[in-house]
Every structure is written in structure tokens, then in C-alpha cells.
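Spelled out, the chains give:
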Amino acid sequence: PPTTPGEAPEDFLGFNLLASEPKTFAGGAIRTLTKTEMPTLDGMALFDVQFEPGGLGELHWHANASELGYQLEGEGEVGIFSTDGTGVILPVEPGTVTFVPRGYFHYFRNLSAGPMHRAACFSNAGVETYLWSATLPPVPQTWLAATFGLSPEDFPFLAARGTQFVVKVPGAIPAPPAAVPNPY
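Nothing here was measured: the structure is a model prediction, and the numbers come from that model.

A.B. asks: Any chance you could explain the sheet that holds strand 8 (residues 97–100) here in plain terms?
C.D. replies: Hydrogen bonds along the backbone pair up the strands of a sheet, which may run parallel or antiparallel. What the 6 strands build is an open sheet, ordered 1-2-3-10-5-8; its pairing is antiparallel. The open sheet has two free edges, formed respectively by strand 1 (23–25) and strand 8, since each of these has just one partner strand. On average, adjacent strands in this sheet sit at an angle of 20° to one another, irrespective of strand direction. In terms of strand pairing, strand 5 (residues 67–73) meets strand 10 (residues 116–122) through 6 bridges, oriented antiparallel. Each residue of the ladder has a partner; that of Glu 67, found in strand 10, is Phe 122.

A.B. asks: Sorry, what's going on with the packing of aromatic side chains here?
C.D. replies: Taken as a whole and judged by the stated rule, the model has 6 aromatic pairs. With centroids separated by 5.7 Å and ring planes inclined at 25°, the aromatic side chains of Trp 61 and Tyr 130 adopt a geometry described as stacked. Residue Trp 61 is found in strand 4 (residues 55–62), and its partner Tyr 130 is found in strand 11 (residues 129–131); the two are separated by 69 residues along the sequence. Judged by relative accessible area, which is 33%, Tyr 130 ranks as partly exposed. Plain terms: the ring middles of Phe 81 and Tyr 107 are 6.2 Å apart, the flat faces sit at 20° to each other, and that makes the pair stacked. A residue pair is termed long-range when its members are at least 10 positions apart, and Phe 81 in strand 6 (residues 76–81) and Tyr 107 in strand 9 (residues 105–110) qualify at 26 residues. Looking at Phe 81, the relative accessible area reads 27%, which means it is partly exposed. Owing to a relative accessible area of 12%, Tyr 107 belongs among the buried residues under this scheme. Following the ring pairs from residue to residue traces out a cluster consisting of Trp 61, Phe 105, Tyr 130 and Trp 132.

Calculation rules
Residues numbered from 1 in each chain as written. Predicted model: local features only at pLDDT ≥ 70, side-chain atom pairs only at ≥ 80, totals over all residues. Heavy atoms only, no water. Pairing = 2+ DSSP bridges. Helix = DSSP H or I, 4+ residues; strand = E, 2+ residues; numbered from the N terminus. Axes fitted to C-alpha atoms, helices over the stretch in contact; angles between N-to-C directions. Phe/Tyr/Trp six-rings, centres within 6.5 Å; stacked < 30°, edge-to-face > 60°. Buried < 20%, exposed > 50% of the residue type's maximum accessible area, 1.4 Å probe, protein only.

Encoded structure:
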């Protein structure tokens, strides 16, 4: 990197994330800022995630990164679940900061009548994201049944859908679970 003031190229310290091309899904869109878009960004990544009404960022985990999120617009919830079976569902509104440790399952859900907008910073420049819609279909129904103590008929055939990340939940926007207290 340049050490003399004024030597830095224009994109060295700045990038217009909202002007970048989004990856669009049925329930929203994601824009990413990594070393690919900003070569000087090292050891971290930033995602801009927008959810349409009824949008759900499906259950997923990051194998190599923790996630620090900031709620910019709309109300919703984030569910964060540890591998030890514990978890929490938190309400989010503009100004809410959330933290998801590396390897924890989590989801985001828009409960607003309008859009929900979040920024997420990751502790690794090459974030590895694993979505349930992509990881469960190859698992034989008999294995799922044995794992959950059910019969194979209780598990429908799960077709691979590719990367969906933000899906659209049909129908009315469901209310958040009543048993979750507001921690703020």
C-alpha cells in the first residue's frame, strides 16, 4: 500500500457498495464487498442484504467467519443457534447490532410490511456460507429419519434448489414468537 499522502488510488479506501450489482433472490438481494471488489480489504468482508416483505434469509452458517450485523431499516428477527442446542431469537429494528459466532446456525426474517435492510461485516475475506437448502437434499431420507427418530415417510424428497439465500415466505407476515422477550 502507498505510504505517501495522495498516492492512494481512488478505490483504495472507498467503494460504493449500493451502486454495485446485486445478487437477486425471490425474497431480496445481496451486495458483497470483498478483496475482489476492493483489493486493499484484507481479512474481512461486508455484505449489504435487503429483504422484501416476507423475506427470509434461510437457516445457514459460516464455517470460517463470525458475523457482526447492523440493522438499517425495517423490523424483523434473527435466530441464532449454537451447536450445543441452545439458541435465541432476537427482535431487530433500525440501530440493532447483532453478533453471530463462527459456526452458529442463524437466519434473518423480515416482519415489516416494507423492506428490511441490514449490513453484515465478516471476520474473513473469503466467507464460507452453507445453506440448509443446499446441504440437506443429498442426505438420504432414511438417514434423516434415523437422526430425528422418525420414519422415512416423514421426510419429503428434498430437491436441490441451488443457492437461494433470501427466500419469499408466502402469505401474511407471521408474528414473532410470543415467548421471546425483547432484550433491550
